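Chains, contacts and geometry: an overview
Chain residues, written in single-letter form:
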Amino acid sequence: MKKLLLVFLGLVIAISIFNFDFLSSSHIALAVEGESIETSITDSTKQQLESLELTEFENLYEEYKSSDKTLNQLIQDIIDGKISLSFNDLVSIILSKAQNMVKNILYTILLLLSISILSGLISNFSSANASIKNMLNIVFVCLSATILIYFTISSVTETTKTIRVLGDFSKIVFPVLIVLVTATGAKTSSVMYQPLVATLSTGIIAVFSGVVMTTITIYMILTILNNLVKDVKLNKLIEFFASFLKWIIGLSFGIFFTYSSIVGLVAGGKDGISIKTAKYAIKSYVPIVGGYLSDGFEIFRAGSIVLKNSIGVVGLILLLVIILTPAIKLLVTNLLLKFTSGLAELSGDKSISNLMNGMSKVFNYLLATIMTVFMMCFILILLIVMTANMV
């Protein structure tokens, strides 16, 4: 009996030692396997990054970059998690750009305010006869209109250029992202995103840079004529073009947003089923090496997703850099013109005040135009970045 007890205790101790060694080796194996998978995904990401054609993307990046890093270095830093941008950093960037814009715009605004105050003083306190006062008032209004026309035309030209840059951005960045979407196995999304990208980069950009900007220019001319020529009443015509601008901007964004949302929902669901079916088929029906092939496919997909998301983040950063300066300029100009219009009205000169108030609406439409195109690009990048992430 004692021998049996000793044998039993010996077996228990042996099994315990075996289990301890087995569990320890299992944890070590899992840790090594985890490190191996992470290394494999990193290697797959680097290989795909090196194989991508990013020449045009690099040229666009070089025009707007604010650091010494190349495009590949920035993408790699995002992959490694080395990029960090806090809210305070973003606010400081915006304030620095706004400060420079205010300095450049303030001289024009102060000049307009000085002209309006001088015109008001002559109209209200001068002892000159009425004909001289009217002539001087016309001179001051024409001078203010000349300054505003020059300033507004330069803003229209800059806004049109920015919209075309956003079109070039769409033609350069989105094809790269769609290639990576295809690499993740989301073929349906890739096929459905292509006409959406083509519509944005050609059709919508052409409508906004052509039809919308031309309509804004006509609205500007009518506003100036309505304030310069008292005998001609153009209020109804101005209201028509204002309504037309609101409708075309709102409809363009609404149709694009609705269609892109439908594409994202339909394509995402179908791709999820297709990718899961493909992984199951590889693992189940390929003899012997099916499991290895399935794991390899998953590692390649993971690398493609990491690279797609990183390039998407670079695209969002570049998009913000492109839009930030003109958007701040238009916003600041719009606010300052409205404020100056109020001050000019206090001085007693309603003609220049009404002119500045009408021209501020031109800058309002310019800002709406540029922000609408920006939001379309922003939404499409977010949709592509989120594609195939959860499959």
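In this text the structure is predicted, and so the values were computed from the model without any measurement.

So, how was this worked out
Residues numbered from 1 in each chain as written. Predicted model: local features only at pLDDT ≥ 70, side-chain atom pairs only at ≥ 80, totals over all residues. Heavy atoms only, no water. Helix = DSSP H or I, 4+ residues; strand = E, 2+ residues; numbered from the N terminus. Buried < 20%, exposed > 50% of the residue type's maximum accessible area, 1.4 Å probe, protein only. Contact = heavy atoms within 4.5 Å. Areas by Shrake-Rupley, 256 points an atom, 1.4 Å probe, with all protein chains shown as cover. Phe/Tyr/Trp six-rings, centres within 6.5 Å; stacked < 30°, edge-to-face > 60°. Expected span 1.5 Å × (residues − 1). Bend = angle between axes of the 7 residues up to and from the residue. pLDDT = per-residue confidence, 0-100. Axes fitted to C-alpha atoms, helices over the stretch in contact; angles between N-to-C directions. Parallel < 35°, antiparallel > 145°, perpendicular 65-115°, else oblique. Nonpolar A, V, L, I, M, F, W, Y, C, P; charged D, E, K, R; others polar. Core = buried A, V, L, I, M, F, W, Y, C linked by side-chain atoms within 4.5 Å.

1. Some words on the overall build of the protein chain
For the protein chain, the count of helices and strands is nine helices and zero strands. Beginning at the N terminus, the succession of helices and strands in the protein chain can be written as α-α-α-α-α-α-α-α-α. Across the 391 residues that make up the protein chain, the buried fraction comes to 41%. Across the protein chain, contacts joining residues at least 24 apart in sequence account for 83% of those joining residues at least 6 apart. For the protein chain, the computed accessible surface area is about 21500 Å², with 68% contributed by carbon and sulfur atoms.

2. Some words on the packing of aromatic side chains
All chains considered together, the criterion is met by six aromatic pairs. An angle of 80° between the planes, with centres 5.4 Å apart, marks the rings of Y219 and Y365 as edge-to-face. Of this pair, Y219 sits in helix 6 (residues 187–228) while Y365 sits in helix 9 (residues 350–386), placing them 146 residues apart in sequence. The buried category is assigned to Y365, whose relative accessible area is 11%.

3. Some words on helix 6
Over its 42 residues, helix 6 runs 59 Å from end to end, which matches the ideal 62 Å to within 8%, given 1.5 Å per residue. In the structure, helix 6 departs most strongly from a straight axis at L200, where the bend amounts to approximately 35°.

4. So, the confidence of the model for the protein chain
When pLDDT is averaged across the protein chain, the result is 75; 70% of the residues are at 70 or more. This model gives residues 1–34 a pLDDT under 50, and the stretch forms zero contacts once residues within four places in sequence are excluded.

5. Here's the deal with the packing of helix 6 against helix 9
Helix-helix packing: each pair is described by the crossing angle between the helix axes and the interaxial distance. Between helix 6 and helix 9, the shortest axis-to-axis distance is 10 Å and the interhelical angle comes to 175°. Taken together, the axes of helix 6 and helix 9 are roughly antiparallel relative to one another. The residue makeup of the contact of helix 6 with helix 9, split by class, is 24 nonpolar, seven polar and one charged.

6. Comments concerning the nonpolar core
The biggest cluster of nonpolar side chains holds 95 residues, and the ones touching the most others in it are F57, I311 and L380. Within the residue set of this core, elements represented by two or more residues are helix 2 (55–64), helix 3 (71–80), helix 4 (87–125), helix 5 (130–183), helix 6, helix 7 (235–285), helix 8 (290–346) and helix 9. The biggest single contributor to this core is helix 9, with 20 residues. Sequence-distant contacts of I311, that is, excluding residues within four places in its chain, are made with L52, F57, I75, V176, L177 and L180.

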